[in-house]
Amino acid sequence: MADYVFSVPVNEQGIEDLEQEVEDSLAIHDYEMSEEEFKGMEKTGLLDKINQECGLNLARGRITQIPLDQADQVLKLLAHTGYENSGLAAALIDAQYFMTWVECVL
């Protein structure tokens with residue numbers, strides 16, 4: 001399993017499954033990020049920038065939600081950084097498509 005997981009509920013069942021911590025739910029799309037990628041985001045200050053500009057608290061050892069209304073802003077911050085094709089970016093795009101959010105387990 002990956003070190004960091006970004007989960008997107010795709011419907012009401014996914015929301016329920018996420019709240020009840022159901023593993024292997026077909027109604028939740030999971031995206032992964034390696035330790036190396038995460039360290040890179042920390043080292044370059046990108047994680048701090050996302051937290052500051054979006055009012056989030058993405059940090060190692062935390063579970064944080066990125067709401068739908070902030071997905072586009074985070075995607076813009078990821079653009080041209082080398083993380084625009086990361087698991088986080090894919091999860092944000094998925095959340096926009098399904099009109100939900102991203103739960104970040106870091």
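Heads up: the structure comes first, above all this text.
Structure report, in brief. (Residues numbered from 1 in each chain as written. Predicted model: local features only at pLDDT ≥ 70, side-chain atom pairs only at ≥ 80, totals over all residues. Heavy atoms only, no water.)

**Some remarks on the packing of aromatic side chains**
Which entries qualify depends on this criterion: Between the rings of Phe, Tyr and Trp (Trp by its six-membered ring), a pair exists once the centres lie within 6.5 Å; its type follows the angle of the planes, with under 30 degrees stacked, over 60 edge-to-face, and the other angles tilted. The secondary structure listing takes helices from DSSP runs of H or I that are at least 4 residues long and strands from runs of E that are at least 2 residues long, numbered from the N terminus. The rule is simple: take the accessible area with a 1.4 Å probe, protein chains only, and divide by the maximum for that residue type; under 20% is buried, over 50% is exposed, in between is partly exposed.
Under the definition given, this model contains two aromatic pairs. Taking the centre distance of 4.3 Å and the plane angle of 20 degrees together, the rings of Tyr4 and Phe38 count as stacked. Linking Tyr4 in strand β1 (residues 4-9) with Phe38 in helix α2 (residues 35-43), this pair joins segments that are 34 residues apart in sequence. We classify Tyr4 as buried; its relative accessible area is 3%. With relative accessibility at 1%, the residue Phe38 sits in the buried group.

**A word on the sheet that holds strand β2 (residues 28-33)**
Inclusion rule: Note on pairing: two strands pair once DSSP finds at least 2 bridges between them. Orientation is described by axes fitted as lines to C-alpha atoms, over the contacting stretch for helices, and by angles from 0 to 180 degrees between their N-to-C directions. Whether two residues are in contact is decided by their heavy atoms: any pair within 4.5 Å suffices.
Pairing is antiparallel in the open sheet, where four strands are placed in the order β2-β1-β4-β3. Either end of the sheet is taken by a strand with one partner, and the two such strands are β2 and β3 (63-66). Neighbour to neighbour, the strand axes of the sheet diverge by 20 degrees on average, direction disregarded. The pairing of β1 with strand β4 (residues 102-105) spans three bridges and is classified as antiparallel. When the bridges of β4 are listed, Ser7 appears paired with Glu103. On the sheet, helix α5 (residues 87-98) packs against β1, β2, β3 and β4 and is oriented at approximately 160 degrees with respect to β2.

**Things to note about the packing of helix α3 (residues 46-54) against helix α4 (residues 68-78)**
The line we're drawing: Should the near helix be turned anticlockwise from the far one by less than a right angle, the crossing is termed left-handed; should it be turned clockwise, right-handed. For this classification, Asp, Glu, Lys and Arg are treated as charged, while Ala, Val, Leu, Ile, Met, Phe, Trp, Tyr, Cys and Pro are nonpolar and the rest, including Gly, are polar.
Following both chains from N to C, one finds α3 and α4 inclined at 145 degrees, their axes separated by 10 Å at the closest point. Between α3 and α4 lies a crossing whose hand is right-handed. Touching Leu46, Lys49, Ile50, Glu53 and Cys54 of α3 are Gln70, Gln73, Val74, Leu77 and Leu78, all from α4. Classifying every residue of the contact of α3 with α4 gives six nonpolar, two polar and two charged.

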